[in-house]
Amino acid sequence: MTDRFAFAARDNAAADKPVENKPRWAETIAVFSKNKGAVIGFAFLLLMIILAIAGPMVSGYTYDGIELSRQNLPPRIQGIERLGIFNGTLGDRNMYEAKGYGGSYFWFGTDKLGRDLFTRFCCGVRISLIIGAISALLNMIIGVAFGLVSGYYGGKPDLLMQRFIEVLNGIPTLVIVSLLVIVLKPGMMSIIITMGLAQWTGTARLVRANTLRLKETEHVLASKTLGTSTVKILFREIFPNLLSSVIVIAMMSVPGAIFMEAFLSFVGLGIPNPEASLGSLINDGYQSMLLYPFQMTIPAVFFALLMLALNIIGDGLRDALDPTQRQI
Amino acid sequence: MNTVNDNILEVRDLKQHFRIDRRHSVKAVDGVSFTIKRGSTFGLVGESGSGKSTIGRTVIRLYAPTCGSVKLNGRELGGKLTLQMKQYLTGRVQMIFQDPMASLNPRKKIIDIVAEGLDSNKPRGERNELVYAQLERVGLSREFAGRYPHMFSGGQRQRVGIARAIITDPELIIADECISALDMSIQAQVVNLMKDLQTERGLTYLFIAHDLSMVKYISDYIGVLHMGRLVESGTKDDIFQNPIHPYTKSLISAIPEPNPLTEPHRISRVYDAPAQGIVYANGTERYLTDTHMVLATDGELETWIA
Ligand SMILES: Nc1ncnc2c1ncn2[C@@H]1O[C@H](COP(=O)(O)OP(=O)(O)OP(=O)(O)O)[C@@H](O)[C@H]1O
Ligand SMILES: [Mg+2]
């Protein structure tokens, strides 16, 4: 044909091998489980969750059982005590024998009121995880919804919503948090609500900025010309493309919330006694750090590991959800 | 043939002004008229910023026009759109985009990208079969359906874009610089594909480009756009054999010649509207023949023809 471009020489394109058409979630899990760090982090998180649920049942003690005769016992664990560590000695005295608890084992020791620290630790992990998870979820839901609407619709609504955020941001977080906790009286619910309210503005701004960029891209325009509804455009075209940054923010906000709760415990606005959180445990231990270092070290080490695990999981999740990281 | 069937698209005095702030606005398109015959290709050329994309996007109603009339199959689509008219438009006009990467959602599989135009309540099996058929039609294997856009070359991605546009069986396709991001041999493949689809399905193209040589190859009619105004339009021969407007002449003189002996002697003509005293607002549309239109005043037309 004269009407067509003709190729002088043409070789066949390299044969393509078929790609399995797995569902999205299966692909995501496959990629996530290839990431060793993320899997280890996830295993650690799982261990903490199991401890938080089952720990108090296996320890044989309660978190608020006060027994002044067994104050400040160091950790003692069956089996391991033969290795010369965790054998209940302080200096070279076996405190358990000295106080007449020769047959007992407190895995993480006891505090100054004689409460079993392992049980308290498990309860603390439970409360801290709940606070972290729910406030991160709140942060994500409010921030994403606010940011999407503000960025996508633009104009007047955007202007109003942004001014609102600026006003909120103008008030220092600490002031909001302390005021709210005082008004709502200390407790887990009020801490969660406060945390959710204090953190979402950052997420909303990030989501809005990304939405402003994404709504002008050609694939969003293409969706519009194909008659796709606004809701679908928001959740299929825009949201998946900002998911990775939202996940990173959410994963960072879990430690953020736990830290904030720990801080509130420090100033006495946290979880009220006798309940415990990771923050309040560290705070209690800190008061006798020089005499009984284990009281602070153990929860602090687990706290640090938990933060690390959450961050690694966040990175792994972000990569797993991003198909552009995936090769054929 | 009556005019309603003959002309698929009639654009009359279309204006698109973007408001920058209370006092300023950009007149991206400023009174443009043209008609496109069913089954033909209308090439729209002009320099960057002349308003080509804006015209395409206004026709498909990504932007609401400031004023003017847009008639599709004789139905007025220029004013406020009812939901019904919007659906009418969506079913008949589709678009192929410029950037083969940005026009495909990187988070979606090819199968879902191509199927987007189908009613989502189509049964899954039927939908998938339709997608495979389109993919194979544009020269991609059905094995590609489960992949993501980043796993493709630019030319392949543009084919996906074409498959997405044709799956709803449109009558008019607006191709906004759909080949300018591709290299020469791939451009040729994609243009060949578009031509084949045109003969097969009787498609009409509004082909937007800034490269006159490619427009010459694909178009039946050509419109030359400058600063938001159509300065000359006509059949391919009108424009290339008998260019009148100095801007058109300058564009044509800028096409490199394939002959190495004559190319060094090619003279590019400079065009500078203010220096040559041309004010578009003064000109009116003058028809030299049935098809050949030039935007000019009486005096200008005389000097240009002479
Ligand atoms: N949404 C918008 N808001 C304000 N101004 C705009 C908008 N879109 C386009 N413009 C302006 O309108 C003019 C025409 O833009 P348009 O994109 O139609 O040009 P074009 O001919 O497609 O150019 P190119 O060849 O570079 O794609 C430009 O001056 C541009 O700055
Ligand atoms: Mg353009």
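What comes next concerns the included structure. (Residues numbered from 1 in each chain as written. Chains lettered and ligands numbered in written order. Predicted model: local features only at pLDDT ≥ 70, side-chain atom pairs only at ≥ 80, totals over all residues. Heavy atoms only, no water.)

This next bit is on the overall build of chain B. The secondary structure content of chain B amounts to eleven helices and twelve strands. For a compact globule of 306 residues, the expected C-alpha radius of gyration is about 19 Å, and chain B comes in at 20 Å, within 12% of that figure. A principal-axis box enclosing the C-alpha atoms of chain B has dimensions of 65 × 55 × 45 Å. Among the 306 residues that make up chain B, the fraction classed as buried is 54%. For chain B, restricting intrachain contacts to residue pairs at least 6 apart in sequence, the fraction spanning at least 24 positions comes to 62%. As presented, chain B carries roughly 13,600 Å² of accessible surface, and 50% of it is formed by carbon and sulfur atoms. Averaged over its 37 positive side-chain charges, chain B has a centre that lies 7 Å from the centre of its 35 negative ones. (Helix = DSSP H or I, 4+ residues; strand = E, 2+ residues; numbered from the N terminus. Rg over C-alpha atoms; globule rule 2.2 N^0.38 Å. Buried < 20%, exposed > 50% of the residue type's maximum accessible area, 1.4 Å probe, protein only. Contact = heavy atoms within 4.5 Å. Areas by Shrake-Rupley, 256 points an atom, 1.4 Å probe, with all protein chains shown as cover. Lys, Arg positive; Asp, Glu negative; His and termini not counted. Charge placed at Lys NZ, Arg CZ, Asp CG, Glu CD.)

Here we come to the sheet that holds strand β7 (residues 172–176) of chain B. Residue and element names in this part refer to chain B. The strand order across the open sheet built from eight strands is β6-β7-β8-β3-β9-β10-β12-β11, with neighbouring strands paired in mixed fashion. Looking at strand neighbours, the two that pair on one side only are β6 (93–96) and β11 (284–287), the edges of this open sheet. In this sheet, neighbouring strand axes are inclined to one another by 20 degrees on average, regardless of whether the strands run parallel or antiparallel. As defined by bridge partners, β11 adjoins strand β12 (residues 293–296) across four bridges and the pair is classed as antiparallel. From the neighbouring strand, Y287 faces β12, where its bridge partner is M293. Packed on one face of the sheet, helix α3 (residues 83–92) meets β6 and β7 and runs near 50 degrees to β6. Along the sheet, helix α10 (residues 246–253) makes contact with β3 (41–45), β9 (221–226) and β10 (229–235), crossing β9 at roughly 105 degrees. (Pairing = 2+ DSSP bridges. Axes fitted to C-alpha atoms, helices over the stretch in contact; angles between N-to-C directions.)

Residues and elements named next belong to chain A. An ideal rise of 1.5 Å per residue puts 22 Å on 16 residues; helix α5 (residues 155–170) measures up with 23 Å between its terminal C-alpha atoms. Here α5 has its buried residues at D158, M161, Q162 and I165. Down the axis, α5 shows its buried residues gathered within 100 degrees of arc, on one side only. Facing away from the buried surface of α5 by more than 90 degrees, the exposed residues are K156, L160, V167 and G170. Buried-residue contacts for α5 involve α4 (117–153) and α7 (188–214). (Expected span 1.5 Å × (residues − 1). Arc of directions from axis to C-beta.)

The partner chain A presents 37 residues to the 35 residues of chain B that form the contact. Counting the surface lost from both chain B and chain A, the interface buries some 3,400 Å², and carbon and sulfur atoms represent 53% of this. If you sort the residues of chain B by the area they bury against chain A, R107, E116 and R147 of chain B come out on top, with a joint share of 20%. If you look at where chain B meets chain A, you find three salt bridges. For R107 of chain B, the salt bridge goes to D322 of chain A, with nearest N and O atoms at 3.7 Å. For the interface between chain B and chain A, the tally reads 14 residue pairs in polar contact (both at pLDDT 80 or more). Listed by contribution, the elements that provide at least two residues to the side of chain B that touches chain A are α3 and α7 (184–201) of chain B. Sort the elements by how many residues they give to the side of chain B that touches chain A and α7 of chain B lands first, with six residues. Classifying every residue of the side of chain B that touches chain A by side-chain character gives eleven nonpolar, twelve polar and twelve charged. (Buried area = accessible area lost by both parts, 1.4 Å probe. Salt bridge = Lys/Arg side-chain N within 4 Å of Asp/Glu carboxyl O. Polar contact = N/O pair within 3.5 Å; in protein donor to acceptor, adjacent residues only side chain to side chain. Nonpolar A, V, L, I, M, F, W, Y, C, P; charged D, E, K, R; others polar.)

Looking now at the side chain of T211 of chain A. Within the secondary structure layout, T211 of chain A lies in helix α7. Once residues lying within four places of it in the same chain are set aside, the contact partners of T211 of chain A are G147, L148, G151, Y152, I238 and L242 of chain A.

Turning our attention to the site of ligand 1. All names here are of chain B. Taken together, F18, V26, A28, E47, S48, G49, S50, G51, K52, S53, T54 and E177 make up all the residues around ligand 1. One of the backbone N or O atoms of G49 is found 2.8 Å from an oxygen atom in ligand 1. Across the complex, the protein chains shield 64% of the 630 Å² of accessible surface that ligand 1 would expose by itself. Elements supplying a minimum of two residues to the shell around ligand 1: β2 (25–37) and α2 (52–59). Counting residues per element, the shell around ligand 1 draws most heavily on α2, at three residues. Here the residues of the shell around ligand 1 sort into three nonpolar, six polar and three charged. (Near = heavy atom within 4 Å.)

What follows is about the packing of aromatic side chains. On inspection of all chains with the given rule, the structure shows 18 aromatic pairs over all chains. Measuring from centroid to centroid gives 5.1 Å for F108 of chain A and F118 of chain A, while their planes differ by 85 degrees, and the two rings are edge-to-face. Note that F108 of chain A is positioned in the loop between α3 (95–98) and α4 and F118 of chain A in helix α4, a separation of ten residues in sequence. Clustering of aromatic rings is evident, with ring pairs tying together F44, W107, F108, F118, F121 and F302 of chain A. The ring of Y105 of chain A has R76 of chain A sitting right over it, with the charged end atom 4.4 Å from the ring centre. Taking the ring centre of Y88 of chain B as reference, the NZ or CZ of R75 of chain B above it sits at 4.0 Å. (Phe/Tyr/Trp six-rings, centres within 6.5 Å; stacked < 30°, edge-to-face > 60°. Lys NZ or Arg CZ within 6 Å of the ring centre and 35° of its normal.)

Quick look at the nonpolar core now. Among the nonpolar cores identified, the biggest contains 62 residues, and V114, L135, I162, I179, M194 and F207 of chain B are the most heavily contacted of them. Not counting the four nearest positions on each side in its chain, L135 of chain B is found in contact with I110, V114, L140, S141, A145 and A163 of chain B. In this structure, A276, F294, I298 and A309 of chain A belong to the second largest nonpolar core, which totals 37 residues. (Core = buried A, V, L, I, M, F, W, Y, C linked by side-chain atoms within 4.5 Å.)

Attention now goes to a nonpolar patch on the surface. Residue and element names in this part refer to chain A. Among the surface-exposed residues, F42, L46, I49, I50, I53, M57 and V58 lie close enough to one another that they form a single nonpolar patch of about 690 Å² accessible area. Along the polypeptide, V58 turns up in helix α2 (residues 36–59). Residue V58 is classed as exposed on the basis of its relative accessible area, which comes to 55%. (Patch = residues over 30% accessible without salt bridge, like charges linked within 9 Å, V, L, I, M, F, W, Y side chains within 5 Å.)

The next thing to look at is the packing of helix α1 (residues 24–34) of chain A against α2 of chain A. Residues and elements named next belong to chain A. For the pair α1 and α2, interaxial distance at closest approach is 5 Å and the crossing angle is 95 degrees. Judged by the angle between their axes, α1 and α2 are roughly perpendicular. Seen from α1, the contacting residues are F32, S33 and K34; seen from α2, they are K36, A38, V39 and F42. (Parallel < 35°, antiparallel > 145°, perpendicular 65-115°, else oblique.)

Let's shift gears to the pattern of salt bridges. Residues and elements named next belong to chain B. Taken as a whole and assessed by the stated rule, the structure comprises 21 salt bridges over all chains. Salt-bridge contacts for R92 lead to E171; the nearest nitrogen and oxygen are separated by 3.6 Å. Here R92 is found in helix α3, whereas its partner E171 is found in the loop between α6 (154–166) and β7, with 79 residues between them in sequence. With a relative accessible area of 25%, R92 lands in the partly exposed category. With a relative accessible area of 25%, E171 lands in the partly exposed category. With a shortest N-O distance of 3.9 Å, R201 and D169 are connected by a salt bridge. Taken together, the residues R201 in helix α7 and D169 in the loop between α6 and β7 connect sequence positions 32 residues apart. Note on D169: relative accessible area 53%, which makes it exposed.

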